[in-house]
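An overview of the molecular structure
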Amino acid sequence: MFSSHGPSVRELAVQGLSSVERGYDLLAPKFDHTPFRTPDRMLDAVEETLARREGTFGAGLDVCCGTGAGTGLLRRLCRDRITGVDLSAGMLAEAGRRHADDDRVDFVRADARDLPADLADSYDLAVSFGAFGHFLPSERPALFSGVHSALRPGGLFAFPIGAPIPPSSPVWWAVAGFDALMRVRNAVWRPPFVMYYRTFPLSGVRADLRTAGFTVETVPLEHFGRLPGGAPRWRLVLARR
Ligand SMILES: C[S@@+](CC[C@H](N)C(=O)[O-])C[C@H]1O[C@@H](n2cnc3c(N)ncnc32)[C@H](O)[C@@H]1O
């Protein structure tokens, strides 16, 4: 699961017992050698789908950018300013190093649940990858209304979402077990480390996006195929301000 350049079990344990911010600060130098970084295959599928449907964009925002996986995609899709926002200064430092060759790119340390007012009405495309497990369902309205405010009218918030995993799959038991472990960890240990796999269902997400003022559609990411029942394994959510 981890390459030899990735974190040791001990390092992962220390990170998991920290806050989200501190945990990512510690993980940052090795983050790109973990499976937590969004794989290029997913980034390429999203980029190709957005380019085919929408062409290019003006300014771009990468919400919870981490070390800048999605920022690369924005550099190719967007013509103007590109901003990565993240809670972790360590992750932002890594992202800054990776994208130092493009003076259109800036990074802002901020909580995505409370985006700075000076980002308002500034972006034509916002993306987010691999971070929604860090938000409780009750935090989604603040997250979505912040992104809605950061977009210009007509701007697009795009992110991939996976199909629900059936309980017949061993993966269901793995993620359910992980979430249960995290709930126990967060009940007995401070600071909390919010990271759950099963708290971001499309139905609730769609409803919260609509409440925040978006119009919402989804398109299948055919790159990942379909489930036996015919549903796409992955969809791209397209939420328009
Ligand atoms: C699994 S990483 C994903 C990073 C990157 N988007 C990727 O796909 O590789 C999750 C990121 O979300 C950030 N994060 C978690 N909670 C956040 C919050 N409330 N505000 C901003 N960033 C947050 C973490 O610091 C971390 O960099």
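For the structure itself, look to the data block above.
For the structure given in this document, a descriptive report is provided here. (Residues numbered from 1 in each chain as written. Predicted model: local features only at pLDDT ≥ 70, side-chain atom pairs only at ≥ 80, totals over all residues. Heavy atoms only, no water.)

1. A short note on the overall build of the chain
Counting its regular elements, the chain contains eight helices and seven strands. Scaling as 2.2 N^0.38, a compact globule of 241 residues should have a C-alpha radius of gyration of about 18 Å, and the chain matches this with 17 Å. Each of the three principal axes of the chain carries a C-alpha extent, and together these read 45 × 45 × 35 Å. By the burial criterion, 48% of the 241 residues in the chain qualify as buried. In the chain, of all internal contacts separated by at least 6 residues, the share reaching a separation of at least 24 is 67%. (Helix = DSSP H or I, 4+ residues; strand = E, 2+ residues; numbered from the N terminus. Rg over C-alpha atoms; globule rule 2.2 N^0.38 Å. Buried < 20%, exposed > 50% of the residue type's maximum accessible area, 1.4 Å probe, protein only. Contact = heavy atoms within 4.5 Å.)

2. Points about the site of the ligand
Within the structure, the ligand sits among 23 residues, and T38, C64, D86, A112 and F129 are positioned closest to it. Contact between the ligand and F129: a nitrogen atom at 2.8 Å from a main-chain N or O atom of the residue. Relative to its unbound accessible area of 600 Å², the ligand is 98% covered by the protein chains. When the residues that make up the shell around the ligand are grouped by side-chain class, the tally is 14 nonpolar, five polar and four charged. (Near = heavy atom within 4 Å. Polar contact = N/O pair within 3.5 Å; in protein donor to acceptor, adjacent residues only side chain to side chain. Areas by Shrake-Rupley, 256 points an atom, 1.4 Å probe, with all protein chains shown as cover. Nonpolar A, V, L, I, M, F, W, Y, C, P; charged D, E, K, R; others polar.)

3. Describing the sheet that holds strand β6 (residues 215–220)
The sheet built from seven strands is open, its strands ordered β3-β2-β1-β4-β5-β7-β6 with mixed pairing. Both edges of this open sheet fall to β3 (105–109) and β6, since each of them pairs with a single strand only. For this sheet the average axis-to-axis angle between neighbouring strands, irrespective of direction, equals 20°. Sheet topology places strand β4 (residues 123–128) next to strand β5 (residues 151–162); four bridges connect them, and they run parallel. Pairing of V127 across the sheet is with A158, part of β5. Lying on the sheet, helix α3 (residues 40–54) is in contact with β4, β5, β6 and β7 (234–240); it crosses β7 at an angle near 45°. Sheet strands touched by helix α6 (residues 140–150): β1 (60–63), β4 and β5. Its angle to β5, the strand with the most contacts, is close to 140°. (Pairing = 2+ DSSP bridges. Axes fitted to C-alpha atoms, helices over the stretch in contact; angles between N-to-C directions.)

4. Overview of helix α4 (residues 69–77)
Across the nine residues that make up α4, a large majority, seven, are buried. Here the buried face of α4 lies against α3, β1, β2 (82–86), β3 and β4.

5. Quick notes on the nonpolar core
Counting 31 residues, the largest nonpolar core has F144, V147, F157, F159, L209 and F214 as its most contacted members. Those elements that provide at least two residues to this core are β1, β4, α6, β5, α8 (202–211) and β7. Residues in contact with F144, not counting those within four places in the same chain, are F157, F200, V205, D208, L209, A212 and F214. Counting residues in each nonpolar core, the second largest holds 23 residues, with M42, L74, V127 and V219 among its members. (Core = buried A, V, L, I, M, F, W, Y, C linked by side-chain atoms within 4.5 Å.)

6. Description of the packing of aromatic side chains
Inspection of the entire model under this criterion finds twelve aromatic pairs. When the centroid spacing of 6.2 Å and the interplanar angle of 65° are considered together, the rings of Y24 and F31 count as edge-to-face. For Y24, a relative accessible area of 17% corresponds to the buried category. Taking the relative accessible area as the measure of exposure, F31 reaches 7% and is therefore buried. Between F157 and F159, the aromatic rings sit 5.0 Å apart at their centres with planes inclined by 55°, giving tilted as the arrangement. For F157, a relative accessible area of 0% puts it in the buried group. Here the aromatic residues F132, F144, F157, F159, F200 and F214 are joined through ring pairs into a cluster of three or more. Above the plane of the ring of Y196 lies R183, whose end atom (NZ or CZ) is 4.2 Å from the centre. (Phe/Tyr/Trp six-rings, centres within 6.5 Å; stacked < 30°, edge-to-face > 60°. Lys NZ or Arg CZ within 6 Å of the ring centre and 35° of its normal.)

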